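# Observations on the three-dimensional arrangement
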Amino acid sequence: MFRQFRSAVAAALSDALADLGYPTDDLGIEDPPDGVDATLASSVAFRLASEAGAPPPQVAAEVAEAVDVAATEYLARVETNGPYVNFLVDDAYLADTLDAARDDEYGRLPPNGESVVVEHTSANPTGPVHVGRARNPIIGDAIANAVDYAGYDVDRHYYVNDAGRQMAIFTWAYETFDESELPEPAREKDDYDLVRYYRKGNEVLESGDEETVEAAEAEVASILQGLESGDEETYERVGEVVDTVLAGMEESLARLPAAFDEFVKETRFIRDGSSDEVAERLKDLEESVIEEGAWQVDLSEYGYEKKLVFLRSDGTSLYTTRDLAHHEWKFENYDRAVTVLGEDHKLQAGQLGAALDLLGNDTDRLESTFYSYVNLPEGKMSTRAGTAVNLDDLLDEAIDRAREEVERRMDDRIRDDDLAAEDVDRIARQVGIGAVRYDIVSKQPTKSITFEWDRALDFEAQSAPYVQYVHARCCGIVDEAGEEGLAPDAAVDPETLSTPEERDLLKVVARFPAVVEGAAEDLEPHRVATYTREFAETFNAFYRECPVLTADDEATREARLALVAAARHTVANALDVLGVEAPESM
RNA sequence: GGGCGUGUGGCCAAGCGGAUACGGCGAGCGGUUCCUAACCGCUAGAUCGCGGGUUCGAAUCCCGUCACGCCCGCCA
């Protein structure tokens, strides 16, 4: 309802200003601070003061007076507080919110007919997924969820870099070394198995004797050449390594869970000729030149000093050339394209956008969001060097610690719902993995994170379990009501919900669809996390002050139960956007 | 050297032109015969890196400066 109220207020305020002869270009609508009983406020009076020749409070009063309250949906009254004009909601706002949130899909916006592809993770298939890049699937999946909730038709893609030098090295190493030369794998899993070859290969290339390195480089070059020239046998050789490692990575990512609709291989754009076709079109641009045998495009009009090379002097394409073809393919199939990238790809992404623009694409349809890597207190994580904390280990540890917590709390548990062994497993998994996801998704991606076990796996306030607990409490109440034959769907007179805690909770529930909308629009899922925290705080105040099942009278009982059901749907879906499971008991 | 990002109480961190800077951890005090205490209440703790500027108003915008991170390849 908040979205409707917001546009109704904007229209009413705009009309009022126009009637008074004031400009309507800046309505100054904002959220009032905590403790103010209004749902929206405006600070226009400040800006109008000089034009009106009157102090802001006087202008505010004039504006407030001019707003047509009766004609504005959900607007109970307009008040002023010094220079601020405050807009207060009526009971219909709360009633309609309660009604809308009866739907367990509450928070989903109607389909808008637009398609979006969200590309995320896209880590090179060189070995197990590690925590340094774990922000990518977690943020990417949450962005995709938010965009999905906001009404878009979403596909989730993982772009597989299967055509680069790293994969050529990997393939050579895999075919060259024998298992007996390698250490034991950290896990019985294909990605852990194969990464040993990759590490060994890099080790040899770095410090092997000259002759070995020379032979290896020749083999690597031949693999790259084979890929470039469309040699089927080479694709098969590289493909075996890529697919095997990727399957292992996919399995780890699925634990988050982060699932993909499609793994799009880079070699696809070599094989279908689109990479060559892009290169030909680039050559025709007046910004393109050959320097030292290599084709390059001048992007200085976009602010890039150095020219972008798109064909090597030996005529082969580069990563960016293929990525251009990849993105034109996205434009052909989707209305919008979103990419989640590490901050080290910022320059490359900018150049990609510039080149796409030169090629005649509408680059407004392309958006990128960047995150900084998770580092260890002692420095960076590296697959090659083997210094990374693997995602699997983090999730295992999270689940173990969560299980300890569940078991520790079993003794002084009031609720006699006899958790079975499978419940303990379920809760440990939901809480453990939820805590990891929430910890990462709740922070602004641009801020750097230094990984520390205790901080990442804190189950207390401002964490996933804190929010999950609210959901479990809601479920507990609804379940118990059900046992007493009470369903949360009785017709409710909203005037029954009269305490500040009840009304505050409804107002927070009302904001949820707007939070989803904003998070999707700006690709900022952490805003949903911030919302869940505020939601949980508001719910806990309600829980403390307003008994539901033991309420004084039947009408209050039913009304509060309906409110709990609304809260339950809201928090469940907010967590769903974040990709965090909502336990029914914990 | 140039570009981009980050800098908010001891630690983490939201806010990113408007009303008293939202919270958490840690510290101190208190709360459970009552719908799950993974909870709640109270107390202490902040010149929002630093210096200028714009504005009626700046954590938020601009300039400068310092610190840290990332990037500046015919790598990906």
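Residues numbered from 1 in each chain as written. Chains lettered and ligands numbered in written order. Predicted model: local features only at pLDDT ≥ 70, side-chain atom pairs only at ≥ 80, totals over all residues. Heavy atoms only, no water.

### Some details on the environment of Glu422
Structurally, Glu422 is set in helix H15 (residues 421-441). Linking Glu422 and Glu236, residues 186 residues apart in sequence, is a C-alpha distance of 43 Å. (Helix = DSSP H or I, 4+ residues; strand = E, 2+ residues; numbered from the N terminus.)

### Comments concerning the UniProt feature "domain: Arginyl tRNA synthetase N-terminal" (unreviewed entry) in chain A
The feature "domain: Arginyl tRNA synthetase N-terminal" (unreviewed entry), as annotated in UniProt, sits at residues 3-89 in this numbering. This span, residues 3-89, is 43% helix and 21% strand, and a straight line between its end C-alpha atoms measures 12 Å. (UniProt positions renumbered as here; feature names shortened; annotations may be inferred.)

### Brief notes about the packing of aromatic side chains
Under the counting rule described, the total for this entry stands at 20 aromatic pairs. Ring centres of Trp172 and Phe177 lie 5.5 Å apart, and the angle between their planes is 75°; this geometry places the pair in the edge-to-face category. Phe177 shares its class with Trp172; the two are buried. Here a set of aromatic residues connected by ring pairs shows up, and it is made of Tyr106, Phe512, Tyr531 and Phe535. The ring of Tyr235 has Arg271 sitting right over it, with the charged end atom 4.0 Å from the ring centre. (Phe/Tyr/Trp six-rings, centres within 6.5 Å; stacked < 30°, edge-to-face > 60°. Buried < 20%, exposed > 50% of the residue type's maximum accessible area, 1.4 Å probe, protein only. Lys NZ or Arg CZ within 6 Å of the ring centre and 35° of its normal.)

### Things to note about the state of the cysteines
Taken as a whole and judged by the stated rule, the model has zero disulfides. Of all cysteine sulfurs, the one in Cys474 lies closest to Cys475, which takes part in no disulfide; the gap is 6.7 Å. Its relative accessible area of 1% is what places Cys475 among the buried residues. In this model Cys546 remains outside any disulfide bridge; the closest cysteine sulfur is found in Cys474, 13 Å from its own. (Disulfide = S-S within 2.5 Å.)

### Regarding the sheet that holds strand S10 (residues 308-311)
Where strands meet in a sheet, backbone hydrogen bonds hold them as pairs that are either parallel or antiparallel. Taken together, the three strands give an open sheet; going across it, the order is S8-S9-S10, and neighbouring strands pair in antiparallel fashion. Each edge of the open sheet carries a strand with a single partner, namely strand S8 (288-291) and S10. The average undirected angle you get between the axes of adjacent strands in this sheet is 40°. Sheet topology note: the strand S9 (residues 294-297)/S10 ladder contains three bridges and is antiparallel. Note that in S10 the partner of Val297 across the bridge is Leu308. Across the face of the sheet, helix H11 (residues 274-283) comes into contact with S8, S9 and S10 while running at roughly 125° to S10. (Pairing = 2+ DSSP bridges. Axes fitted to C-alpha atoms, helices over the stretch in contact; angles between N-to-C directions. Contact = heavy atoms within 4.5 Å.)

### Section: the domain arrangement of chain A
We note that the domain assignment places domain 1 (2-89), domain 2 (120-375) and domain 3 (391-578) within chain A. On a C-alpha basis, the centroid separation for the pair domain 1 and domain 2 is 52 Å. (Domains from an automatic or database assignment.)

### What about the protein's contact with RNA strand B?
Neighbouring RNA strand B are 68 residues, the closest being Tyr84, Arg409, Arg415, Tyr469 and Arg533. Restricting the count to atoms of RNA strand B within 4 Å of the protein gives a sugar and phosphate share of 64%. With respect to RNA strand B, the side chain of Lys380 contributes an N or O atom lying 3.1 Å from a phosphate oxygen. Contact distances for RNA strand B include 2.5 Å between a phosphate oxygen and a side-chain N or O atom of Gln444. If you list the elements that add at least two residues to the surface near RNA strand B, you get helix H2 (44-52), strand S4 (84-89), helix H12 (319-333), helix H13 (346-358), helix H14 (391-410), H15, helix H17 (464-483) and helix H19 (526-545). Top contributing element to the surface near RNA strand B by residue count: H19, with seven residues. (Near = heavy atom within 4 Å. Polar contact = N/O pair within 3.5 Å; in protein donor to acceptor, adjacent residues only side chain to side chain.)

### Focus: the packing of helix H6 (residues 165-176) against helix H7 (residues 190-207)
The relative placement of two packed helices comes down to the angle between their axes together with the axis-to-axis distance. Here H6 crosses H7 at 100°, and the two axes come no closer than 8 Å. One way to sum up the angle between H6 and H7 is to call them roughly perpendicular. Only Leu194, Val195, Tyr197, Tyr198, Gly201, Asn202, Val204 and Leu205 of H7 make contact with H6, whose side of the interface consists of Arg165, Gln166, Ile169, Phe170, Trp172, Ala173 and Tyr174. For the contact of H6 with H7, the class distribution of residues is eleven nonpolar, three polar and one charged. (Parallel < 35°, antiparallel > 145°, perpendicular 65-115°, else oblique. Nonpolar A, V, L, I, M, F, W, Y, C, P; charged D, E, K, R; others polar.)

### Concerning the UniProt feature "short sequence motif: 'HIGH' region" (unreviewed entry) in chain A
Per the UniProt annotation, the sites labelled "short sequence motif: 'HIGH' region" (unreviewed entry) are residues 123-133. Helix makes up 0% of residues 123-133 and strand 0%. Its end C-alpha atoms lie 8 Å apart.

### A few points about the nonpolar core
Core analysis: the largest hydrophobic core is formed by 159 residues, its most contacted members being Phe5, Phe87, Tyr93, Trp172, Phe451 and Phe535. A per-element tally of this core places helix H20 (residues 554-578) first, with twelve residues. When near neighbours in sequence (up to four residues on either side) are disregarded, Phe451 contacts Val131, Val374, Asn375, Leu376, Pro377, Met381, Val389, Leu394 and Ala456. Judged by nonpolar contacts, the second largest core, of 26 residues, contains Tyr159, Leu282, Leu308 and Ala337. (Core = buried A, V, L, I, M, F, W, Y, C linked by side-chain atoms within 4.5 Å.)

### Details of helix H4 (residues 91-100)
Taken together, the buried positions of H4 are Tyr93, Leu94, Thr97 and Leu98. Take H4 and look down its axis: the buried residues cluster within an arc of 130°, on one side only. Along its buried surface, H4 packs onto helix H1 (2-19), S4, helix H18 (500-521) and H20. (Arc of directions from axis to C-beta.)

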